[in-house]
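Descriptive structure summary
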Amino acid sequence: MKESMPPEPPHRAEDVTQHVGYLLKRAQSALRGAMDKVLREHGLTVPQYSTLELLALHPGMSNADLARATFVTRQSGNVVLRGLQEAGLIARPDAADHGRARPARLTEEGHARLAAVQTAVYAVEQRMVDAIPQDRMAALLTDLDHIAAALEE
C-alpha cells in the first residue's frame, strides 16, 4: 500500500494558527465580541444594529434584502425586524402593497437609538483601524474584498 503525502498548505505557516483563514476568523471573533459588548449596553444585538444602520442609509429595504446584507437567514431577519418593531425602532406596513415585501423604515426612536450607539460602535472600529498602518489601509480593504469575492464565486 502506497502512503500518500499530506497536501501542502496554500502558504508557509508553522501551524494552522498562522493560516489566513484562521487569522480572519480570529479577527472576526474579536470584532464580534467587542461589538456584542458595546451593543449589549444599548439593548441591541449585532444584527439589530446592522439593520438600523442599513435602514438609516436605505429606508424601505425588504426583509430579504436586510437579511442578506446582515448575514442572517430570512427567518432570522424576520425575527430581528419583529423585535425592532416591537421596540418601536422601526415601522413596517401591516400588509404588503404588492408581493410579500413589507418595506421597513426607522422611527424617530430608531434614529435616536442608532445615533446613541454609533459612537460606541465606531470606537470599536477605530481600535481596529488604529492597529493598521494608515498607508496599508486601502490595500487591506481591497484585499479583504478580493478574498470575499473569491470565496463567493
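Just so it is clear, the structure is predicted and the values come from calculations on it, not from any experiment. (Residues numbered from 1 in each chain as written. Predicted model: local features only at pLDDT ≥ 70, side-chain atom pairs only at ≥ 80, totals over all residues. Heavy atoms only, no water.)

The subject of this paragraph is the overall build of the protein. Of regular secondary structure, the protein possesses 6 helices and 2 strands. Of the regular secondary structure in the protein, the N- to C-terminal order runs α-α-α-α-β-β-α-α. Against the compact-globule benchmark of 15 Å for 153 residues, the protein has a radius of gyration of 20 Å, which places it well outside the compact range. Over its C-alpha atoms, taken along the principal directions, the protein stretches across nearly 65 × 40 × 25 Å. For the protein, with 153 residues in total, the buried portion stands at 25%. (Helix = DSSP H or I, 4+ residues; strand = E, 2+ residues; numbered from the N terminus. Rg over C-alpha atoms; globule rule 2.2 N^0.38 Å. Buried < 20%, exposed > 50% of the residue type's maximum accessible area, 1.4 Å probe, protein only.)

Looking at the protein as a whole, the pLDDT averages 91, with 94% of positions reaching at least 70. When the elements of the protein are averaged for pLDDT, helix α3 (residues 63-69) gives the smallest value, 92, and helix α2 (residues 46-57) the largest, 97. (pLDDT = per-residue confidence, 0-100.)

Here we take up the environment of glutamate 53. Inspection of the secondary structure puts glutamate 53 in helix α2. Sequence spacing of glutamate 53 and leucine 114 is 61 residues, and the spatial spacing of their C-alpha atoms is 7.1 Å. Among the polar contacts made by the side chain of glutamate 53, one reaches the side chain of tyrosine 49 at a distance of 2.3 Å. (Polar contact = N/O pair within 3.5 Å; in protein donor to acceptor, adjacent residues only side chain to side chain.)

Next up on the list: the layout of surface pockets. The volume enclosed by the largest pocket comes to roughly 1500 Å³. Around the largest pocket sit 34 residues that line it, and Ala27, Gln28, Leu31, Met128 and Leu144 are the ones nearest its centre. Of all elements in the fold, only α1 (20-40), α2, α5 (108-130) and α6 (137-152) reach the threshold of two or more residues within the lining of the largest pocket. Sorting elements by how many residues they give to the lining of the largest pocket places α1 first, with 11 residues. (1 Å grid on protein atoms, 1.4 Å probe; cavity = no way out; pocket = protein on both sides within 12 Å on 5 of 7 lines; lining within 4 Å. Points joined across faces, edges and corners; volume = space filled by probe spheres on them.)

So, on to empty space enclosed by the protein. Left-over empty space is what a probe sized like a water molecule reveals as it rolls over the atoms. Counted according to the given criterion, the structure contains 1 cavity of 30 Å³ or more. Each pocket or cavity is described by its volume, and for the largest cavity that value is around 40 Å³. Taken together, Pro47, Thr51, Leu66, Ala67, Thr70, Val72, Gly77 and Val80 make up the lining of the largest cavity. Elements that contribute at least two residues to the lining of the largest cavity include exactly α2, α3 and α4 (74-86). For the lining of the largest cavity, the per-class residue count stands at 5 nonpolar, 3 polar and no charged. (Nonpolar A, V, L, I, M, F, W, Y, C, P; charged D, E, K, R; others polar.)

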